[in-house]
Structures are given as structure tokens and as C-alpha cells.
Amino acid sequence: MLQPSERERFRLTLNPDGRPHPVENILAIATLVCGVVAFVSTFWTSAHAIASWFGTLGFGMGLYSQYISATTPQRSLNIVGLVGSFVGAALGIAHGGFLPHT
């Protein structure tokens, strides 16, 4: 008999495989946060030091996080964070570098 299948309720998760990956999840979220902070900081040229440091930190952390990631959602967050970190670091360095102007 044909019956309509019950749809599972949508859940936003970083662990679709059902196994916990706490270290990988924390690194993916931290990479995303660093990328967002670095990217948003580039809108103010006086915040070049913040953009440079957060961008560099996020880029390095994102590369390692991508290396050890276990699921596709983690990899997706890593890529978004890596791109934001790279843009933030590049524009932060272009606007004045790692040290604030006095």
C-alpha cells in the first residue's frame, strides 16, 4: 500500500551522522566567528589591527579545522569562515597592518 511518508522535522545540526564531534564543532564555529569579526572589521579602516589579527587567527584555525572536519556542515562553516578570514586579513593588512597607529 502506498502511504505518504512521514517527514522528519528539520533540525540544524553539525552532526548529521549521529555521532558527537565536539572538538570539530567548536573549531568550525570559532572559525566562522573569527571570519565574521575579521570581515566586519574591514568596514572601518581604523579597525585594521582587529581585522588583521582575527583574520590571521581564523585562517590558520580554519585550515586545521578543515583538515580534521568529519561532516559536511562543519566543512561548510569552515569554508565561509576561511573566506571571511582571508578577506579580513588581506584588507586589514592593506589598511595598516597588525599594529594600531598611534
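Quick caveat: nothing in here was measured; it's all calculated off a predicted structure.

(A) Region of interest: the environment of P16. You can see P16 is positioned in the segment before helix 1 (22-41). On the basis of relative accessible area, P16 is assigned to the exposed category, the value being 55%. C-alpha separation for the pair P16 and T72, spaced 56 residues apart in sequence, amounts to 8.5 Å. If we skip the residues at most four places from it in the chain, P16 touches T71 and P73.

(B) View of the pattern of salt bridges. Enumeration over the complete set of coordinates arrives at one salt bridge. R19 is the partner of D17 in a salt bridge, and the nearest nitrogen-oxygen pair spans 3.8 Å. With relative accessibility at 37%, the residue D17 sits in the partly exposed group.

(C) Looking closely at the packing of aromatic side chains. All chains considered together, the criterion is met by three aromatic pairs. Ring geometry for F39 against F43: centres 5.5 Å apart, planes inclined by 80°, an arrangement best described as edge-to-face. For F39, a relative accessible area of 36% puts it in the partly exposed group. By relative accessible area, which is 56% here, F43 ends up exposed. Look at F59 and F86: their rings are 6.0 Å apart centre to centre, the planes differ by 50°, and that puts the pair in the tilted class. Of this pair, F59 sits in helix 2 (residues 48-68) while F86 sits in helix 3 (residues 72-95), and the two are 27 residues apart along the sequence. A relative accessible area of 33% means that F59 is categorised as partly exposed.

Parameters and conventions
Residues numbered from 1 in each chain as written. Predicted model: local features only at pLDDT ≥ 70, side-chain atom pairs only at ≥ 80, totals over all residues. Heavy atoms only, no water. Helix = DSSP H or I, 4+ residues; strand = E, 2+ residues; numbered from the N terminus. Buried < 20%, exposed > 50% of the residue type's maximum accessible area, 1.4 Å probe, protein only. Contact = heavy atoms within 4.5 Å. Salt bridge = Lys/Arg side-chain N within 4 Å of Asp/Glu carboxyl O. Phe/Tyr/Trp six-rings, centres within 6.5 Å; stacked < 30°, edge-to-face > 60°.

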